[in-house]
Each structure stands twice: as structure tokens, then as C-alpha cells.
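# Summary of structural features
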Amino acid sequence: MQQIKIFDNLYMFNTYNPQINLSFNQFLLLGEEPMLIHTGSFQMTEALIPILKEILGDKSLSYIFVSHFESDECGGLSLLLEHFPDAKTICSAVTARQLMGFGITKNAVSKVPEETLVLNDLSFKFITYPSEMHLWEGLLAFETTNGLLFSSDLFIRMGEVTEPIVDSSLKDEVIRIAPHQIPDPSAHKAVQGILSELSLNYIIPGHGPVLKL
Ligand SMILES: [Fe+2]
Ligand SMILES: [Fe+2]
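Residues numbered from 1 in each chain as written. Chains lettered and ligands numbered in written order. Predicted model: local features only at pLDDT ≥ 70, side-chain atom pairs only at ≥ 80, totals over all residues. Heavy atoms only, no water.

The next thing to look at is the coordination of the iron ion (ligand 2). Protein coordination at the iron ion (ligand 2) comes from Asp-72 (OD), Glu-73 (OE), Asp-153 (OD) and His-207 (NE2), with a distance range of 2.1 to 2.2 Å. Given four donor atoms and angles of 86 to 176° at the metal, the environment of the iron ion (ligand 2) is assigned as irregular. Here the donor residues of the iron ion (ligand 2) share one chain and are spaced in sequence as D-E-x79-D-x53-H. Between the iron ion (ligand 2) and the iron ion (ligand 1) the interatomic distance amounts to 3.3 Å, and Asp-153 serves as a bridging ligand to the pair. Of the two residues examined, Asp-72 and Glu-73, each falls in the buried class. (Donors = N, O, S within 2.8 Å, 3.2 Å for Na, K, Ca; no water. Tetrahedral: all angles 85-135°; square planar, octahedral: opposite > 155°, others 65-115°. Buried < 20%, exposed > 50% of the residue type's maximum accessible area, 1.4 Å probe, protein only.)

The tally for this structure, following the rule as stated, stands at six aromatic pairs. Relative to Tyr-202, the ring of Phe-7 has its centre 4.8 Å away and its plane inclined at 70°; by these criteria the two rings are edge-to-face. Of this pair, Phe-7 sits in strand 1 (residues 2-7) while Tyr-202 sits in strand 13 (residues 202-205); the two residues are 195 residues apart in sequence, bridging distant segments of the chain. Taking 6.0 Å as the distance between ring centres and 65° as the angle between the ring planes, the aromatic pair formed by Phe-27 and Phe-150 counts as edge-to-face. On the criterion of sequence distance, the pair formed by Phe-27 in strand 3 (residues 22-29) and Phe-150 in strand 11 (residues 148-152) is long-range, its members being 123 residues apart. There is no split in this pair, since Phe-27 and Phe-150 are both buried. (Phe/Tyr/Trp six-rings, centres within 6.5 Å; stacked < 30°, edge-to-face > 60°. Helix = DSSP H or I, 4+ residues; strand = E, 2+ residues; numbered from the N terminus.)

Donor atoms from the polypeptide that coordinate the iron ion (ligand 1) comprise His-68 (NE2), Glu-70 (OE) and Asp-153 (OD), at 1.9 to 2.2 Å from the metal. Sequence positions of the donors to the iron ion (ligand 1) reduce to the motif H-x1-E-x82-D. On the basis of relative accessibility, which here comes to 1%, the residue His-68 falls in the buried class.

Once that is clear, we can look at the pattern of salt bridges. Here the structure, examined in full by the defined rule, presents five salt bridges. The residue Lys-5 makes a salt bridge to Asp-8 at a minimum N-O spacing of 4.0 Å. On the basis of relative accessibility, which here comes to 68%, the residue Asp-8 falls in the exposed class. Glu-173 is paired through a salt bridge with Arg-176; the nearest N and O atoms lie 3.3 Å apart. On the basis of relative accessible area, Arg-176 is assigned to the partly exposed category, the value being 48%. Three or more residues are tied together by salt bridges with common partners; here these are Arg-157, Glu-173 and Arg-176. (Salt bridge = Lys/Arg side-chain N within 4 Å of Asp/Glu carboxyl O.)

In this section: the environment of Pro-113. Relative to the helices and strands, Pro-113 is located in the loop between strand 7 (108-110) and strand 8 (116-118). By relative accessible area, which is 28% here, Pro-113 ends up partly exposed. Here the alpha-carbon distance between Pro-113 and Ser-92, two residues 21 residues apart in the chain, equals 8.3 Å. Excluding residues within four positions of it along the chain, Pro-113 makes contact with Phe-126, Ile-127, Thr-128, Glu-137 and Leu-139. (Contact = heavy atoms within 4.5 Å.)

Glancing now at the sheet that holds strand 9 (residues 123-130). The strand order across the open sheet formed by seven strands is 8-9-10-11-13-14-12, and the pairing between neighbours is mixed. The outermost strands of the open sheet, each flanked by one partner alone, are strand 8 and strand 12 (165-167). Sheet twist, expressed as the mean angle between neighbouring strand axes with direction ignored, is 25°. With three bridges joining them, strand 8 and strand 9 adopt antiparallel strand pairing. (Pairing = 2+ DSSP bridges. Axes fitted to C-alpha atoms, helices over the stretch in contact; angles between N-to-C directions.)

Examined against the element boundaries, Gln-26 turns out to sit in strand 3. Ignoring anything within four residues of it in the chain, the contact list for Gln-26 reads Met-1, Tyr-11, Met-12, Phe-13, Ile-37, His-38, Thr-39, Gly-40, Met-44 and Leu-48.

Here the focus is the pairing of strand 10 (residues 137-143). Within strand 10, six of the seven residues are buried, which leaves the element mostly enclosed by the surrounding structure. Bridging between strand 9 and strand 10 involves seven bridges; their strand directions are antiparallel. By the bridge assignment, Phe-124 is partnered in strand 10 with Glu-143. Across three bridges, the pairing between strand 10 and strand 11 is antiparallel.

In C-alpha cells:
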């Protein structure tokens, strides 16, 4: 697991799987109320917990953002909550139902698209994301203070991460969202429309490098 400091308040944890030529990212946003973006799979979470504890020091995790219900986004949630029992899981209503239905957490906070979460030093707005698994509604997290989009399985790159930050443009990235990523044509168009209007500085995907716009 590579640990990369993207900004003073943002760490990236990246694990490459050569069998599928894809890398997996989790992010830690530090602040008054630290937030982890995705847990990774159970195995990734096992590796991540001591690293998180070291970076957090005497702080704890306040929030865990889960963009959708899939193992690389929340496979290690039960383990993580054993170590950070007070952390609240932020997710869509569908994901909250799955997490609570499987007994993974009782502490899921569901957010609807357009809803906000204001922490002391960060402010999030959530965007609908019809994700894999039956197009169940997921969420993207737009951090408005710094112009960061935590984009889940959108805007991803295959391969190993050698450069943690690469240049791109929002226009090119939005055009590149393929129909198979959001197989409902009207939802695909709607997501492209919403994302192209955002005022963004960085796209922070679940797989591959961070994109500087
Ligand atoms: Fe996924
Ligand atoms: Fe993913």
C-alpha cells in the first residue's frame, strides 16, 4: 500500500492489483473531523488501520464516506468500525439499507443528492451517482471549499499509479464517462450535465491518479 500526501490535509492510500491491472484508492481528509473516503476491501482495511492510527494520532475518525455498496468501497467497514466505533458512515439511502441490513453498521447517515454536510473547515455537497449493482443510487462527494470531487468509479485510470497527480480537464473527463459506466442513458446524460457545471480544482477517483484540472 503506497501512502501519498496529496495536500497537507489529504492523504491517498493506493494498492495495485496486477491481476486486474487496477489500483484502489482510499483517502483521508484531515481536519477538525477527519473523514475517510472508502474503506477498501477487508484486506486493504487491515493494512490501512495502523497507518490511519499513526496519521490521526490522538484524533479519531469522525466520518467514513461510502460512495456505493461494493467491496472496494466498503468491504472493510465492519473492521474499521471495531477500531473507530464512533465514526458515522455517510452514504446514499440504498447503501445505508444494505449496510444496516447486513448488520455491518447501525450508524449509517443517509444523504440525498444536493444535501450538504458542513464540518468546521470543509463543506460537502452530494451528487447522485447511479452506480454498479442494479444502478443502485450511490453518491459522489463534492467538497466545495477546495473544489474537490471524490468521484468513486468515475474518471478512473487502469494500471499502476506512478504519478499520483496528473493534469487533465473537466470537459475531457466528462465526455469520457462511457455509457457502460452509467448504463441508463438519461441518468448518464444527467450526471454528465451536473458534473460539467461544477467548479472543480481536482478530481479524486477511487482508482488511479488524482486529476488536476
Ligand atoms: Fe465500485
Ligand atoms: Fe471502485
